[in-house]
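Chain residues, written in single-letter form:
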Amino acid sequence: GRLNMPRILTDWIDSYLDYTSSTEPAESYRKWVAISTIAAVLKRKCTLNWGTVRVFPNMYIVLVGPPAARKGTAMGFGIELLFRCEVNMSADSITKEALIMSIKDNYNNDINESGDMLHHCSYTICSPEFSVLIGHGDQQMLRYLTDWFDCGKGPEGIWTHKTKTQGVDKIAGIWVNLIGATTPEQIGMCPDIIGVGLASRIIFVYEEKKGRVQPYPFLSKDQKELQEKLYEDLEQIQLLQGQFKPTDNWIDAWGPWYINNDSNPPFRDRRLAKYCDRRPLHILKLCMILSASRSDEMILRKYDLDRAIKIMEETELKMPQAFGAMGDDPDAKILSNIMRDVMMEGSIEKSELLKRHYFDTTSPRKFDAIMETLLRMDFIIIDRKLGQGGKPFDIIKWNKKD
């Protein structure tokens, strides 16, 4: 190993964004894949003891968008680096039983800071077809994933489950990290994901389209060299173990943020209520990952907290749209599709919008009702213009908030 070798790159995530900058996926997809990649190598051997709570750096990150948003492409670059670092990962079409076996067989032994053996089963699930993994409404799989996020019971991190043949199966030191991708339609087909509490443990990263059009998907010489440096530094990050320690500045900034988060959650959306409760935990996990991204010191600085909050807030702006197809009203899906178009265009003629959605809303009354809803939500502004022969027409504009 290269223990105590200096890092080559100033910040792993920033360099990863440079490395993938000429590819088609949106920046948010690339950023969260980078975050997931670091989490995957930190494993259960890194912790943050925050009072009575032990926080692990595993995250469940699911990229959400239409089929052409390049979610799989975004995942590929991170998976390739993890593959080179020999991180154990799952195949997408894996059954529950096979997945449990893979996690169980994947035990690592590390020596912790007090010189004791640390036994853990740290595993990363890569799921380009997340809906296949959770097998629409397979309650048991949803429950397993929900349990695994919390890293088992007690100091040993024990997870037990009943099997058909062996009675009770036990995994010690369970730790599961997940990077996946799906479409809003597929989330809509699985409302149980909210009921069992899995949705609140997932960061849904929504984009309505690819970040850029790139007819020549080649890496420059610099980017190829950067890939090597990313690999070298990721191997270095993989050597980290022990506890992350916050600085006094970090602790001073955390208190006010936590209190404010409690009284001003980012969403008043019942589908995301439980996510708001778990948001501080996501921020703590992200702080560990961001600290590891910039150095081996394993110290949480105020900079890491500020950066974590900024990344979360940017992602949350679009998060409700991941659930666009889920709701009690069948028109919720149409509303969501129309919102997506307005966001993509920024500004669009009302007649053009109706043309694109005539197969969803055959009655103009329904379409006008949706426009009225979007106006009252403050999502759009309607600009009335005069066309040829003084005939008025409407321009629908996305009321983009900072």
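Here, every reference points to the structure presented above.
Now for a look at the structure at hand. Each chain has its residues counted from 1, running along the sequence as written. At least 70 in pLDDT is required for a residue's local features to be given in this predicted model, at least 80 for side-chain atom pairs to be given and counted, and no such filter applies to totals for whole chains, interfaces and linings, which use all residues. Neither water nor hydrogens contribute to the side-chain values; these are computed over all heavy atoms in the structure.

Counting its regular elements, the protein contains 15 helices and 15 strands. Taking 402 residues into account, the globule formula puts the C-alpha radius of gyration at 21 Å, and the protein, at 23 Å, falls close to it. Its C-alpha atoms put the protein at 85 × 55 × 45 Å along the principal axes. Look at the contacts in the protein between residues 6 or more apart in sequence, and 74% of them connect residues 24 or more apart. Per-residue accessibility takes into account occlusion by the displayed protein chains alone, with areas from the Shrake-Rupley method and a 1.4 Å probe. Summed over its atoms, the accessible surface of the protein is roughly 19,200 Å², and 53% of this surface lies on carbon and sulfur atoms. Charge counting treats Lys and Arg as positive and Asp and Glu as negative, with His and both chain ends excluded. Here the site of a charge means atom NZ of a Lys, CZ of an Arg, CG of an Asp or CD of a Glu. Separation of charge centres in the protein, based on 53 positive and 55 negative side chains, amounts to 3 Å. Segments assigned H or I by DSSP are reported as helices when at least four residues long, segments assigned E as strands when at least two residues long, and all are numbered from the N terminus. With the radius of gyration taken over C-alpha atoms, the globule rule is written as 2.2 Å times the number of residues to the power 0.38. The contact criterion used throughout is that any non-hydrogen atoms of two residues lie within 4.5 Å.

The next subject is the sheet that holds strand S15 (residues 392-398). Taken together, three strands build an open sheet; the order of strands is S13-S15-S14 and the sheet is antiparallel. Taken across any chain shown, the strands that pair with only one partner, and hence form the sheet edges, are strand S13 (347-349) and strand S14 (380-386). Direction aside, neighbouring strands of the sheet carry axes that sit 25° apart on average. Of the pairings in the sheet, the one linking S13 to S15 comprises three bridges and is antiparallel in character. Looking at the pairing, Ile348 lines up with Ile396 of S15. Should DSSP find at least two bridges between two strands, the strands are taken to pair. Lines fitted to C-alpha atoms define the axes, with helix axes restricted to the stretch in contact, and inter-axis angles between N-to-C directions lie between 0 and 180 degrees.

Counting residues in hydrophobic clusters, the biggest one holds 100 residues, and the most contacted among them are Trp12, Trp32, Leu145, Trp148 and Phe204. Among residues more than four places away in sequence, those in contact with Trp32 are Met59, Ile61, Ile203, Val205, Leu286, Ile311, Met312 and Thr315. Grouping buried Ala, Val, Leu, Ile, Met, Phe, Trp, Tyr and Cys residues that are joined through side-chain atoms within 4.5 Å yields what is termed a nonpolar core. Each residue gets one of three labels from its accessible area relative to the maximum for its type: buried under 20%, exposed over 50%, partly exposed in between, using a 1.4 Å probe on protein chains only. Ile334, Met339, Leu374 and Phe379 belong to the second largest nonpolar core, which has 15 residues in total.

A separate point is the packing of aromatic side chains. Side-chain rings of Phe, Tyr and Trp, where Trp is taken by its six-membered ring, are said to pair if the distance between their centres is within 6.5 Å; with planes under 30 degrees apart they count as stacked, over 60 as edge-to-face, and otherwise as tilted. Under the defined criterion, the tally for this structure stands at 15 aromatic pairs. Between Trp50 and Trp250, the ring centres sit 5.2 Å apart and the planes meet at 85°, which makes this aromatic pair edge-to-face. Within this pair, whereas Trp50 is found in strand S1 (residues 46-50), its partner Trp250 is found in helix H10 (residues 248-263), the two being separated by 200 residues in sequence. The exposure class of Trp50 is partly exposed, given its relative accessible area of 25%.

A word on H10. Given the number of residues in a helix, its expected span is that number minus one, multiplied by 1.5 Å. Here H10 contains 16 residues, and its C-alpha end-to-end distance of 24 Å stays within 8% of the 22 Å for a straight helix at 1.5 Å per residue. Looking at H10, one finds that the buried residues are Trp250, Ala253, Trp254, Trp257 and Asn261. Those residues of H10 that are buried are in contact with S1, strand S11 (245-246), helix H11 (273-294), strand S12 (299-300) and helix H12 (302-318).

As a further point, take the state of the cysteines. Note on terminology: disulfide denotes any pair of cysteine sulfur atoms within 2.5 Å. For the structure shown, the criterion picks out zero disulfides. Unpaired in terms of disulfides, Cys85 finds its nearest cysteine sulfur in Cys126, a separation of 13 Å. Taking the relative accessible area as the measure of exposure, Cys85 reaches 5% and is therefore buried.

Let us look at the packing of helix H13 (residues 331-345) against helix H15 (residues 364-376). The interhelical angle for the contact between H13 and H15, taken along N-to-C directions, is 65°, at an axis separation of 11 Å. Considering the angle they form, H13 stands roughly perpendicular to H15. As H13 runs across H15, the sense of the crossing is right-handed. Between H13, through Asp331, Ile334, Leu335, Ile338 and Met339, and H15, the contact on the second element is made entirely by Lys366, Phe367, Ile370, Met371, Thr373 and Leu374. Each residue gets one label: Ala, Val, Leu, Ile, Met, Phe, Trp, Tyr, Cys and Pro are nonpolar, Asp, Glu, Lys and Arg are charged, and the others, such as Gly, are polar. Looking at side-chain class alone, the contact of H13 with H15 contains eight nonpolar, one polar and two charged residues. The cut-offs work like this: below 35 degrees is roughly parallel, past 145 is roughly antiparallel, 65 to 115 is roughly perpendicular, and the gaps in between are oblique. Helix crossings fall into two classes, left-handed where the near helix is turned counterclockwise from the far one by less than a right angle and right-handed where it is turned clockwise.

Attention shifts here to the packing of H10 against H12. Running from N to C, H10 and H12 cross one another at 35°; their axes reach a closest spacing of 8 Å. Together, Asn249, Trp250, Ala253, Trp254 and Trp257 of H10 and Lys302, Leu305 and Ile309 of H12 make up the contact between the two elements. The class makeup of the residues in the contact of H10 with H12 is six nonpolar, one polar and one charged.

With that settled, the discussion passes to the sheet that holds S1. Judged by pairing direction, the sheet is mixed, and its three strands sit side by side in the order S2-S1-S10 without closing on themselves. Each having just a single partner strand, strand S2 (53-55) and strand S10 (242-243) make up the two edges of the open sheet. Sheet topology places S1 next to S2; three bridges connect them, and they run antiparallel. Across the sheet, Leu48 pairs through a bridge with Val55, a residue of S2. Each of S1 and S2 touches H11; the most contacted strand, S1, lies at about 130° to it.

Taking burial as the measure, the five residues of strand S3 (residues 60-64) include five buried ones, the bulk of the element. Taking every second residue as pointing to the same face, both faces of S3 are buried, with Tyr60, Val62 and Val64 on one and Ile61 and Leu63 on the other. In the sheet, S3 pairs with strand S8 (residues 174-182) via five bridges, with the strands oriented parallel. Paired with Leu63 across the two strands is Ala181, which belongs to S8. Strand direction decides the pairing type here: S3 and strand S9 (residues 202-206), joined by five bridges, are parallel.

Let us now look at the pattern of salt bridges. The rule for a salt bridge is simple: a side-chain nitrogen of Lys or Arg has to be within 4 Å of a carboxyl oxygen of Asp or Glu. If you walk through the whole model with that rule in mind, you get 27 salt bridges. In this structure, Glu297 engages Arg294 in a salt bridge whose closest nitrogen and oxygen atoms are separated by 2.8 Å. When the shortest N-O distance is used, the salt bridge between Lys350 and Asp368 registers 3.0 Å. Here the residue Lys350 occupies a position in helix H14 (residues 350-357), and Asp368 occupies one in helix H15, the gap between them amounting to 18 residues.

Taken by themselves, the reported measurements are silent on function.
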